[in-house]
Amino acid sequence: VVTIEEARAALAPRGAIRVGINLGNAALARSNPDRGGLEGLSVDIANAVGEKLGVPVEFVTYASAGKVYEAVDRDEWDMCFLAIEASRKEKLQFSRSYFTIEATCLVPAASPLVDAHAIDISDVRIVAASGSAYELFLSGRLEHASVIRTANPGEAFTLFSTQELEALAGIRPTLEGIARANDAYRVLTGSFLVIDQGVAVRRGNVAAAEVIQNVLSERFGHDGDAPTVGSSRSV
C-alpha cells in the first residue's frame, strides 16, 4: 500500500499536481468564466486527488487529446485525462475506466448517411481531430472512406462546415449540441466506437497510479465498470 508521503513524491514532486486537461472534450472538462476557472468530472477528480494528498492542483489545458499526449515527453503535467487507447499505453499507465462516451458523426441534414456503423463508404470524407481516440480508431479501421485530420475539434468543425465535407467525427454530446443549435446538421444513429476514459500517469509511476485509483474508488465509486453511454461497436 502506498503511503501519502510516497504518493506525494510520485504525483507532486514539485509540491503541486500539474494536471493535463483536454478542453476539446466538453463532456468531461470545460471553461467556466463565470466561476473563474474550469469545471467538469475530470476537474472534480483532479481536485479530489489533490485533497487526498494535501497539495494544490495546477491545471494545464490543451485544445485536443492529441496535444495532451504529445506533451508526455515534455514533462508538462504529472497526471492527465485521456481515452484509454492501446497505442498510448506505450508511454502511459491508466486507471480503470471512470466514464465512457460514444463516438459518432455529424453530417449535413440532407446526407444519405444514416447509421454510424455504415460510414466506411468510398468518397465519404470524415474530418477528425488528429490524435483523438476516434481518429486513431477510424484511421486504423476504414478501408473505403478517408479521414481528414485537423489540429483540434474546433478546426475539424470549421473544415467540415466550410468545405462541405461528408462527415465530422466526434463525441456524441458535442455533436448533438451542434445539431441542436443548427438544423443544417444532424447526428447519425448509433456509434462506431465507445471510448473508455481514464486517468493517466507516465508509465512505471506505480505509486501515482495506485493513489489515483484509490481516489476514484473511494470518492467516485469507479471500482469496476464505468458509467456507460451507448454500447461498443466497430465500423
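Residues numbered from 1 in each chain as written. Predicted model: local features only at pLDDT ≥ 70, side-chain atom pairs only at ≥ 80, totals over all residues. Heavy atoms only, no water.

J.: Would you mind going over the packing of helix α1 (residues 4-11) against helix α7 (residues 206-220) with me for this structure?
T.: Taken N-terminus to C-terminus, the directions of α1 and α7 make an angle of 115°; their axes are 8 Å apart at the nearest point. The pairing of α1 with α7 is recorded here as roughly perpendicular in orientation. α7 is crossed by α1, and the crossing has left-handed handedness. Taking contact as the criterion, the partners of Glu6, Ala7, Ala10 and Leu11 in α1 are, on α7, Ala207, Ala208, Val211 and Ile212. Of the residues assigned to the contact of α1 with α7, the class counts are seven nonpolar, no polar and one charged. (Axes fitted to C-alpha atoms, helices over the stretch in contact; angles between N-to-C directions. Helix = DSSP H or I, 4+ residues; strand = E, 2+ residues; numbered from the N terminus. Parallel < 35°, antiparallel > 145°, perpendicular 65-115°, else oblique. Left-handed = near helix turned anticlockwise from the far one by under 90°. Contact = heavy atoms within 4.5 Å. Nonpolar A, V, L, I, M, F, W, Y, C, P; charged D, E, K, R; others polar.)

J.: Where do I start with the confidence of the model for the chain in this structure?
T.: Low pLDDT marks regions whose predicted coordinates should not be analysed in detail. Per-residue confidence for the chain averages 92 on the pLDDT scale, and 93% of its residues sit at or above 70. Contacts for the low-pLDDT stretch residues 224-235, under 50 throughout, to residues beyond four places or in other chains number 36 contacts. (pLDDT = per-residue confidence, 0-100.)

J.: Help me understand the packing of aromatic side chains, please; the structure alone is not making it clear to me.
T.: Here a ring pair, both rings aromatic, is described through the centre-centre distance and the interplanar angle of the planes. Considering all chains together, one arrives at five aromatic pairs under this definition. Each ring, one from Phe137 and one from Phe192, has its centre 6.1 Å from the other, and the planes form 20°; the classification is stacked. Note that Phe137 is positioned in helix α4 (residues 133-141) and Phe192 in the loop between β11 (185-187) and β12 (193-202), a separation of 55 residues in sequence. You can call Phe192 buried: its relative accessible area is 0%. Between Phe160 and Tyr185 the ring centres are 5.5 Å apart and the planes differ by 45°, which places this aromatic pair in the tilted class. With Phe160 in helix α5 (residues 153-162) and Tyr185 in strand β11, the pair connects residues that are 25 residues apart, well separated along the chain. (Phe/Tyr/Trp six-rings, centres within 6.5 Å; stacked < 30°, edge-to-face > 60°. Buried < 20%, exposed > 50% of the residue type's maximum accessible area, 1.4 Å probe, protein only.)

J.: Is there a simple way to think about helix α2 (residues 41-53) in this case?
T.: Since one α-helical turn is 3.6 residues long, residues separated by three or four positions face the same way. Taking 1.5 Å per residue as the helical rise, α2 with its 13 residues ought to reach 18 Å, and the 19 Å between its terminal C-alpha atoms agrees with that figure. Listed in full, the buried residues belonging to α2 are Ser42, Val43, Ile45, Ala46, Ala48, Val49, Gly50 and Leu53. Looking at the residues trailing α2, positive phi occurs at Gly54, about 70°. (Expected span 1.5 Å × (residues − 1).)

J.: Could you clarify how one ought to interpret the packing of α2 against α7 in this entry?
T.: Each pair of packed helices can be described by the angle between their axes along with the distance between the axes. Relative to each other, α2 and α7 sit at 110°, their axes nearing to 10 Å. Compared by their axis directions, α2 and α7 come out roughly perpendicular. When α2 is examined against α7, the residues Leu41, Asp44, Ile45, Ala48, Val49, Glu51, Lys52 and Leu53 are found in contact with a partner set consisting of Val211, Ile212, Val215, Leu216, Glu218, Arg219 and Phe220. Of the residues in the contact of α2 with α7, the class split is ten nonpolar, no polar and five charged.

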